[in-house]
Protein chains: 2
Amino acid sequence: MNAEIIAVGSELLLGQITNTNAQFLSQHLSELGINVYYHTVVGDNPQRLEEAVAIAQKRANVIIFSGGLGPTKDDLTKETIARVVGRKLVTDEMAMQSIEQFFASRNRVMTENNKKQALVLEGSHVFPNKNGMAPGMALETETHTYMLFPGPPHELEPMFQFEAKPYLAAKLCDDESIILSHVMHFFGIGEAELELRIQHILDAQTNPTVAPLASAGEVKLRITAKAKTIAEATQLNEDMTKQLQAIVGQYQYGVNDDTIVSKTVEMLQRHELTIAAAESLTAGLFQAELAEINGVSAVLAGGVVAYNEDVKVQQLGIDRALIEQHSVVSAEVAAAMAIGVRDKFQTNIGIGLTGAAGPNSHGDQPPGTVFIGIDVQGDVKTYKLNLSGMRNTNRIRTVKYACHYIMQQLVANGYEK
Amino acid sequence: MNAEIIAVGSELLLGQITNTNAQFLSQHLSELGINVYYHTVVGDNPQRLEEAVAIAQKRANVIIFSGGLGPTKDDLTKETIARVVGRKLVTDEMAMQSIEQFFASRNRVMTENNKKQALVLEGSHVFPNKNGMAPGMALETETHTYMLFPGPPHELEPMFQFEAKPYLAAKLCDDESIILSHVMHFFGIGEAELELRIQHILDAQTNPTVAPLASAGEVKLRITAKAKTIAEATQLNEDMTKQLQAIVGQYQYGVNDDTIVSKTVEMLQRHELTIAAAESLTAGLFQAELAEINGVSAVLAGGVVAYNEDVKVQQLGIDRALIEQHSVVSAEVAAAMAIGVRDKFQTNIGIGLTGAAGPNSHGDQPPGTVFIGIDVQGDVKTYKLNLSGMRNTNRIRTVKYACHYIMQQLVANGYEK
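Residues numbered from 1 in each chain as written. Chains lettered and ligands numbered in written order. Predicted model: local features only at pLDDT ≥ 70, side-chain atom pairs only at ≥ 80, totals over all residues. Heavy atoms only, no water.

Considering the overall build of chain A
- Along chain A, the regular secondary structure elements total 15 helices and 17 strands.
- Counting only C-alpha atoms and orienting by the principal axes, one finds that chain A spans roughly 75 × 60 × 40 Å.
- Counting over 417 residues, chain A shows a buried share of 54%.
- Carbon together with sulfur atoms contributes 50% to the accessible area of chain A, which is approximately 16900 Å² in total.
- When the 34 positive and 47 negative side-chain charges of chain A are each reduced to one mean point, those points stand 2 Å apart. (Helix = DSSP H or I, 4+ residues; strand = E, 2+ residues; numbered from the N terminus. Buried < 20%, exposed > 50% of the residue type's maximum accessible area, 1.4 Å probe, protein only. Areas by Shrake-Rupley, 256 points an atom, 1.4 Å probe, with all protein chains shown as cover. Lys, Arg positive; Asp, Glu negative; His and termini not counted. Charge placed at Lys NZ, Arg CZ, Asp CG, Glu CD.)

Printed below as a string of structure tokens:
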């Protein structure tokens, strides 16, 4: 089984947006063991789209489309495929109901062109859209599988992951080969260094395969086994995991869908430890990231965003003389922020984040200099980072390091080993 | 002149990286008025690359490659094109010197396979690489222009912008046509409704063209004019903008690179109004988004993340009886949060955000119910949202609505019209 991904939209060809859908779909197809040989991007033009489909039919048996399912007449993916494969478009009642509901819940009037979004290829399997209006679909013909998804990533991603991926996995079962992927997450080691240390494994890999993936300050290894049974594939992955852990295990923090934020929240939940944050350069991002994890309200009390000096003094009770002596971007102020917010919110842990996010220096501290203070029940430690990314990348990395150090400090304090 | 962009690299097909090069190149080609009809991504496979080139030759006269110029045997873009067009590869002396220098300056020994990077297509125009080793090149044949660039964005981007773009611009001088794009941003109106209202314009469009683009709770219109001179193209775009504004102007908040957050910060800066936020469901995201805008520290004082009820009572001074009477997710509590945080941080504006982000209800309020309270110098208003997205989409939309309502309330208060 091999696939081609066709993204439809003139905004891609004009460079107004990046084709993140192709990356997302490729990652998941690769996890299923489906080869992707080509990505194509084509504009909102029926003739050129038809030509792209004709080319894809020759070189792939699964053709996956993103975009062009909206209500406007620029949106013509369904119409073009209907013509190419000789199918009618019919109204899907479930989709129509869901669109009507969408408008009703917003007290807005549904217009005629919105009904177009409920049209699907006759005989296709429909994927409901829980985050928008246009449903996705899969159409099986004798020679090909056509899959259509809406363009906005927040609609496509959950639809593919929870509806279409299991659909494809079920198709693959006929194949009698099981493909099982397992992802290991590492923090505190660079991609190049990690690769160097496991070079002999990367060179010798056959089954399972081992692929390094880099992502903003983290490294992942995806291990993928092919076997006749799930038990066999699981065993292959476990053996490889152990081999890798023997070399770089001390940097691993999680597996699969874990994030360093979710692991931190889990550790806090396990020990019923509450936390409050005082944020300067991250301006609320640390708390907003924690709040993405379900059930965080048991541990996250809240905190203070102290974007200017007065707030640090008045809201966190930091001595102005301390700021004047050491500057706002200093280990001393990070520690005082952590202690101040923990005291104010009466939590087990307080964290203070201060730094120069960039592009400018902050006093005599160059951009990318960040101090993190962590107060665990009175044990106060500070950490310094020298980051070299852009303003917002530095903020995101700071949040990840903050989580990393919280876990490290809890381990050092004997909460777990 | 029309172009196709071919990115070469199996890491793209495995979803390990996003094809940002295609976006970058498309933006710059669009600025030059060169139409891009297709993007293609192909792996490190000589046969499939050759097939992709054969297809591109039929549908484009400028074929632009990124990637596959490195030292390893996986890197085969030059070799494949040499074969396709029947040219030899020859060593470029300047490139060889620069590679030797690269190793010398790092005290590293140059290996044999690095010499491969100094090979260029015979008769091509060479673009030096100031940020890496592999040079770029442009080869003119009777029918096509082939342009090759290294894959790493920090090498490709400056090389294209400062070397290849002027090269293409010089070629274009014969063509005498200018293309100019202008984007209008709207909030508070759906894509379908907006399109319905301007249907007669969309139906009649020729030059400039008008294309609607949707993105997470917002709608954009891209207006693109073709003309002989910049003045003429600008005039065409301005005339169309006025026509559109006459119909849906009340929903427009900005143009081109504006975001609803950046426009809000600008409005606050213009009137020297400071702001503080009390965030519950957004947990710091409102402040973190504002903090992405340069120069925000003049207006954003900071705020409180009140993730649980005790924090709302203790840190914001909200009467517990009020919470018990109306529930945490209510207009009354949103207003009290806005008033409380404005008082505490002594700012001109206070904003309170509370709601059920989902997936669960909050008391008797269904997921997606959000209340926003805004206190502008004592003028307190509340707003209710019924959102239907996922947990995190709802948070992002809440931030956008918060900005929308802040601007609306400032206009209502006479700050601007």
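Alright, that's what it looks like, and here's the rest.
Observations concerning the pairing of strand 1 (residues 2–8) of chain B
All names here are of chain B.
- Summarising burial for strand 1: seven of the seven residues are buried, a large majority.
- Residue alternation in strand 1 divides its side chains into two sets, Asn2, Glu4, Ile6 and Val8 and Ala3, Ile5 and Ala7, and both sets are buried.
- The pairing of strand 1 with strand 2 (residues 35–42) spans seven bridges and is parallel. In the strand pairing of strand 2, Ala3 is matched with Val36.
- Looking at chain direction, strand 1 and strand 3 (residues 62–66) are connected through five bridges and run parallel. In the sheet register, Ile5 faces strand 3, and the bridge partner there is Ile64. (Pairing = 2+ DSSP bridges.)

Observations regarding the packing of aromatic side chains
- The tally for this structure, following the rule as stated, stands at 15 aromatic pairs over all chains.
- Ring geometry for Phe127 of chain A versus Tyr167 of chain A: centroids 5.7 Å apart, planes at 85°, classification edge-to-face. Pair noted here: Phe127 of chain A is in strand 6 (residues 125–127) and Tyr167 of chain A is in helix 6 (residues 153–173), with a separation of 40 residues, a long-range link. Here Phe127 of chain A and Tyr167 of chain A have matching classes, each one buried.
- Consider the rings of Phe24 of chain B and Phe160 of chain B, whose centres lie 6.5 Å apart with planes at 85°: the pair is edge-to-face. One end of the pair, Phe24 of chain B, is in helix 2 (residues 20–32); the other, Phe160 of chain B, is in helix 7 (residues 153–172), and 136 residues separate them in sequence. (Phe/Tyr/Trp six-rings, centres within 6.5 Å; stacked < 30°, edge-to-face > 60°.)

Some details on the domain arrangement of chain A
All names here are of chain A.
- Partitioning chain A into domains gives domain 1 (2–173), domain 2 (178–255) and domain 3 (260–412).
- Averaged C-alpha coordinates put domain 2 and domain 3 at centres separated by 32 Å.
- Listed as interface residues are seven residues of domain 2 and, on the opposing side, six residues of domain 3.
- Note on domain 2 versus domain 3: buried area summed over both sides is about 660 Å², and carbon and sulfur give 68% of it.
- Linking Lys400 and Glu218 is a salt bridge whose minimum nitrogen-to-oxygen distance equals 2.9 Å.
- Linking domain 2 with domain 3 are two residue pairs in polar contact (both at pLDDT 80 or more).
- Among the residues making up the side of domain 2 that touches domain 3, the classes are represented as three nonpolar, three polar and one charged. (Domains from an automatic or database assignment. Contact = heavy atoms within 4.5 Å. Buried area = accessible area lost by both parts, 1.4 Å probe. Salt bridge = Lys/Arg side-chain N within 4 Å of Asp/Glu carboxyl O. Polar contact = N/O pair within 3.5 Å; in protein donor to acceptor, adjacent residues only side chain to side chain. Nonpolar A, V, L, I, M, F, W, Y, C, P; charged D, E, K, R; others polar.)

Description of the sheet that holds strand 8 (residues 145–149) of chain B
- Taken together, 12 strands build an open sheet; the order of strands is 6(A)-7(A)-8(A)-3(A)-1(A)-2(A)-2(B)-1(B)-3(B)-8(B)-7(B)-6(B) and the sheet is mixed. Two strands in the sheet have a free side with no partner beyond their single neighbour: strand 6 of chain A together with strand 6 (125–127) of chain B. Neighbour-to-neighbour, the strand axes of this sheet turn through a mean angle of 15°, independent of strand direction.
- Inspection of the sheet shows strand 7 (residues 136–140) of chain B paired to strand 8 of chain B by four bridges, in the antiparallel sense. Along strand 8 of chain B, the bridge assignment pairs Glu140 of chain B with Thr145 of chain B.
- Strands in contact with helix 4 (residues 77–85) of chain A are strand 1 (2–8), strand 3 (62–66), strand 7 (136–140) and strand 8 (145–149) of chain A; relative to strand 8 of chain A, the strand with the most contacts, it is inclined by about 165°.
- Packing of helix 2 of chain B onto the sheet brings it into contact with strand 1, strand 2 and strand 3 of chain B, and relative to strand 1 of chain B it is tilted by some 165°. (Axes fitted to C-alpha atoms, helices over the stretch in contact; angles between N-to-C directions.)

Considering the environment of Arg197 of chain B
Residues and elements named next belong to chain B.
- As for its position among the elements, Arg197 is in helix 8 (residues 191–197).
- Taking the C-alpha atoms as reference, Arg197 lies 7.7 Å from Val248; in sequence the two are 51 residues apart.
- The contact partners of Arg197, leaving out residues within four places of it in the chain, are Ile189, Ile247, Val248, Gln250 and Tyr251.
- Looking at Arg197, its side chain comes within polar contact range of the side chain of Glu193, at 2.9 Å.

A word on the packing of helix 3 (residues 46–59) of chain B against helix 4 (residues 77–85) of chain B
All names here are of chain B.
- Packing of helix 3 against helix 4 leaves a shortest axis separation of 10 Å and a crossing angle of 55°. Relative to helix 4, the element helix 3 lies oblique. In this structure, the crossing between helix 3 and helix 4 has a hand that is right-handed. On the side of helix 3, the interface is formed by Pro46, Leu49, Glu50, Val53 and Gln57, while helix 4 contributes Thr77, Thr80, Arg83 and Val84. (Parallel < 35°, antiparallel > 145°, perpendicular 65-115°, else oblique. Left-handed = near helix turned anticlockwise from the far one by under 90°.)

Here's the deal with the UniProt feature "domain: MoaB/Mog" (unreviewed entry) in chain A
- Under the feature "domain: MoaB/Mog" (unreviewed entry), the UniProt entry names residues 4–171 of chain A.
- As a span, residues 4–171 of chain A carries 43% helix and 22% strand, and end to end its C-alpha atoms are 17 Å apart. (UniProt positions renumbered as here; feature names shortened; annotations may be inferred.)

Topic: the sheet that holds strand 13 (residues 275–279) of chain B
- One open sheet accounts for 10 strands, arranged 17(A)-16(A)-15(A)-13(A)-14(A)-14(B)-13(B)-15(B)-16(B)-17(B); its pairing is mixed. Each end of this open sheet is capped by a strand with a single partner; those strands are strand 17 (379–386) of chain A together with strand 17 (379–386) of chain B. Each strand of the sheet is rotated relative to its neighbour by a mean of 15°, with strand direction disregarded.
- As judged from the eight bridges shared by strand 16 (residues 369–376) of chain B and strand 17 of chain B, these two strands associate in the antiparallel manner. Its bridge partner being in strand 17 of chain B, Thr369 of chain B is matched across the sheet by Asn386 of chain B.
- With respect to the sheet, helix 15 (residues 331–345) of chain B is in contact with strand 14 (300–306) of chain A together with strand 13, strand 14 (300–306), strand 15 (349–355), strand 16 and strand 17 of chain B, its orientation differing from that of strand 15 of chain B by roughly 145°.

Details of the pattern of salt bridges
- Applying the stated criterion across every chain, the model contains 28 salt bridges over all chains.
- The closest approach of N and O atoms between Arg59 of chain B and Glu4 of chain B, which form a salt bridge, is 2.8 Å. Highlighted residues: Arg59 of chain B in helix 3 and Glu4 of chain B in strand 1, separated in sequence by 55 residues. Both residues of the pair, Arg59 of chain B and Glu4 of chain B, count as buried.
- Across the pair Glu79 of chain B and Lys116 of chain B runs a salt bridge whose closest N-O atoms are separated by 3.7 Å. Of this pair, Glu79 of chain B sits in helix 4 while Lys116 of chain B sits in the loop between helix 6 (112–115) and strand 5 (119–121), and the two are 37 residues apart along the sequence.
- A relative accessible area of 23% places Glu79 of chain B in the partly exposed class.
- One salt-bridge network, in which partners are shared between bridges, spans Asp258, Lys263 and Glu266 of chain A.

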